[in-house]
Amino acid sequence: MPATADSTLPTQAPPGGAFVCAARRGWLLAALAVAALVLVPVVVTFSAFLDIEGEVLVHLAEFVLPDLLVNTFWLVLGVGLGVSVLGVSLAWITAMCEFPGRRLFDWALLLPLALPAYVTAFVAIGLLDFTGPLQTWLRENWNLTGLPEIRSRGGVILVMSLALYPYVYLIAKNAFATQGAIALEAAQSLGLSRWQGFFRVALPMARPWIAAGLMLALMETLADFGTMAVFNYDTFTTAIYKAWYSLFSLPAAAQLASILILLVLVAVVFEQRSRAQMRYGTIGRSAATRRIRLTPPLAALALLYAGTVLAVAFVIPVTQLALWTREVIATDLDARYWEFAWHSLLLAGMGAAGVVAVALLLAYAGRQRPGPAMIWTQRVATLGYAFPGAVLAVGLFIPVAALDNWLIGIGENWFGFDGTEILKGTLLVMLLAYLVRFLAVGFGPVDSGLHRITRSIDEGARSLGTGTGELLARVHLPMLRASLFTAATLAFVDIMKEMPITLMTRPFGWDTLAVRVFEMTSEGEWTRAALPSLAIVVAGIIPIILLTRRGTHTHG
Amino acid sequence: MAELVLDSVSQAYARRQVITDLTFTLAEGAIGCLLGPSGCGKTTALRCIAGFEPIQSGSIRIGGETVSRPGWMLPAEKRRIGMVFQDYALFPHLTVAGNVGFGLRGISRTAREARIGELLDLVGLGGQAQHHPHQLSGGQQQRVALARALAPRPRLILMDEPFSNLDVELRERLSLEVRDILRREATTALIVTHDQHEAFALADWVGVMHEGRIQQWDTPYNLYHEPTNRFVADFVGQGALLPGEVINDHQVEIELGVLDGHIPVDCGTGGCEACVRHCTVDVLLRPDDIIHDDDSLLLAEVENKAFRGADFLYTLRLPSGQRALSLVPSHHDHAIGEKIGIRLAADHVVAFPRS
């Protein structure tokens, strides 16, 4: 080993440098590959415009698009208003006020997250329809008719608002709880009452948070397929589905999908901007919140309000599901049901494993090769959560089908292969779509878990003689166990609830619980949709428990 | 254990020079310390020695083996250097025993357990072996970090601001404890700190760093009493600089009288006494160089005072308007504005050329 330094070449690159550089580039390339997977559906759907089939486009523009745009406009406006009012008001009374039952409502108001909107939707119709129990009872006992029709624009907006307000509620509650206290005390010391303080200080300060929650809710609204199908309310997702199955027109589906992506991207831009503002909006550490003790009449009002929302959005639908389930359990809990359940578990398990593996890769890449390029790559790679499942189904099916045709061509020429599909009949498209859509869900916990492992932990391990592989096995993976578990659970449950991707890309014979719900509800068989729905709801409660526990646990 | 040698080491991040021409030798078994304000490059120096940063010139040798030179560095995991981090960097998923035993490899189970037990006894945590780091106090975590670094018998221990996360009282007690532990393990150690009390309590040798360079590498006693430049004089200990005039090659006159001793400033006299008379210097006076004496005819006005328990630290305003510090036993309680008698009691001269 040469002991003297060559001081004439002070900036000479280390001999190991080429390897180090290659490894760093490798991490970036891996992350770019993940980001590319997200961009594929965007590029594919937009390129449908390159190959314009005149008739299809004219048909779309003349008969389909105007209705879709009007429907979507009212839907976004109505749901946006609904979730904002419900979410912010409920967040304010649970975060800043004191009334009997507040502790219960604090977490119970998140429970509607466990109910997919399509479940709330068919329960609402089953209950409130002309032939439903409420109207029948009113007619028979009171001779009352003329209740507003639930299968209407108002009905869709109501159901979606009840299903999606928790997005705004959760994030606004955190905003009020963490930043409200000190700023409100400052406002009070400047002579504002606490109610004035709400409108002049707390609400404006929480605006970025509320906007971020609102945008998430609107993305879900634009992505929703199941509810729209139950209500027969035509939006882009249902139109894509129809173009796919009824018209058998991939270009039409792709063109519709590309318009939907544009709408979604507007929401994404607003959401990302709000998140950027959230970083600057935090004020110091929050003092222990002194809640406003509501006077008895106000407390009763708060209790009534929160209680009604919880009842309508969660308790009544779940009760109804349970009642319906009791009716049909004897006949419906058969081998076929267990097959649906098994398929759901299997797909969700495979999907979650893929999500966690890729999330770990992406987060690890960010740690190994930090920098602006990596941050942008990670941001793009985790944008898939905004893409509606119907869009992903189309945008990933087209390239896989093309790849398939190419492979078949090779197979025919070289190996005498005479099938019609190689990849199309597999789970590939579906699993890729799950991966794109739910990568962000898994990336969040994994990345924050990895950030908790400080640089000095790595260096400490290295100075104790630990090489790279050993570092991963003995330090990183054990420290990340809890984060990986959270990521897998969240992805698992989201995939179980997912409807359009599964519906549109499943290979023959791969029916799941969600597919069963769709089939039963599209025939108006509400009672028979209850059993698979209940299973989905039970699974959906798990992440809410994780979500509410996250604030309290200490390490790991 | 091994000798640590840094030979004109330089390091730069993206064209900004962080450390320049760093040279010092830490003898086997000695405890050294890099002392300096934040941003002076001391932590970077430590990270270069640990093998986390490359160097651009010079060389680092441990026990005669070159571990870093421009364009090449021995990986950190092969250096056999123990490191104690500012945030301790304990592994939260392992117990105290698991942490301490982490770097022990290639030895039998019983030898491993014996070594863990030995170290936990050494740092006084024998009863906490099965606890997890988050169940320990800051001081206990600190000691686990030290035991973990010592366990594989490293050639050298590096500590980065080891006590900065602890409260003052614990800091003093623990720094004496750590010194004992390092002595008992006979480990060569290099500590980085911005706290001179810590440095003085722990180290045999201290290097004062400023703007990436070592200003003086010396014993704590010499750093305090014979600083070689203004930065060291100012950074280490308290004191005031008073203008003085060199009378001859062993006397300098200041407002408070004449100081005898070797004049460390080259006035370029060449033996010519007449030339010397016009050489003006700044003379460093520590607070213990000026004592309070009621009988002295030399009076100074108390401008400020700080009660420190056993004594007062008076800021005095001399007749010429110059300020000086004096440490006075606390039963001499004088009001601000009062004139008190003082006397010079310095036994040697520290002076710098007039700037």
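Conventions we followed
- Residues numbered from 1 in each chain as written.
- Chains lettered and ligands numbered in written order.
- Predicted model: local features only at pLDDT ≥ 70, side-chain atom pairs only at ≥ 80, totals over all residues.
- Helix = DSSP H or I, 4+ residues; strand = E, 2+ residues; numbered from the N terminus.
- Buried ≥ 20, exposed ≤ 12 C-beta atoms within 10 Å, placed from the backbone.
- Contact = placed C-beta atoms within 7 Å.
- Domains from an automatic or database assignment.
- Nonpolar A, V, L, I, M, F, W, Y, C, P; charged D, E, K, R; others polar.
- Axes fitted to C-alpha atoms, helices over the stretch in contact; angles between N-to-C directions.
- Parallel < 35°, antiparallel > 145°, perpendicular 65-115°, else oblique.
- Pairing = 2+ DSSP bridges.

So, on to the overall build of chain B. Within chain B, the secondary structure is distributed over nine helices and 21 strands. If you line up chain B on its principal axes, its C-alpha atoms span 75 × 50 × 35 Å. For chain B, buried positions account for 43% of its 355 residues. In chain B, the share of contacts with a sequence separation of at least 24, taken over all contacts with a separation of at least 6, comes to 66%.

All right, on to the domain arrangement of chain B then. All names here are of chain B. In terms of domains, chain B is made up of domain 1 (4–234) and domain 2 (238–353). Here domain 1 and domain 2 have C-alpha centroids that lie 38 Å from each other. Among the residues forming the side of domain 1 that touches domain 2, the class breakdown is two nonpolar, one polar and two charged.

What follows covers the packing of helix α4 (residues 117–128) of chain A against helix α11 (residues 296–332) of chain A. Residue and element names in this part refer to chain A. Two numbers describe how α4 lies on α11: the axes approach to 10 Å, and their chain directions differ by 75 degrees. When the interaxial angle is binned, α4 and α11 end up roughly perpendicular. Mapping the contact onto sequence places V119, T120, V123 and L127 in α4 and P317, Q320 and L321 in α11. Taken together, the residues that form the contact of α4 with α11 break down as five nonpolar, two polar and no charged.

Attention shifts here to unusual backbone geometry. With phi around 60 degrees, N232 of chain A is a residue other than glycine that occupies positive phi space. For N232 of chain A, a count of 10 C-beta atoms within 10 Å puts it in the exposed group. Phi at A186 of chain B is positive, roughly 50 degrees, even though this residue is not glycine. Relative to the elements of secondary structure, A186 of chain B occurs in the loop between α5 (168–184) and β9 (189–193).

It is worth spelling out the sheet that holds strand β15 (residues 280–285) of chain B at this point. All names here are of chain B. Strands sit in the order β14-β13-β12-β15-β21 across an open sheet of five strands; the sheet is antiparallel. Pairing within the sheet leaves two strands with one partner each, and these edge strands are β14 (257–260) and β21 (351–353). Mean inter-strand twist for the sheet, computed between neighbouring axes without regard to direction, equals 40 degrees. Sheet analysis places strand β12 (residues 240–248) next to strand β13 (residues 251–254), joined by four bridges and oriented antiparallel. By the bridge assignment for β13, N248 is matched with Q251.

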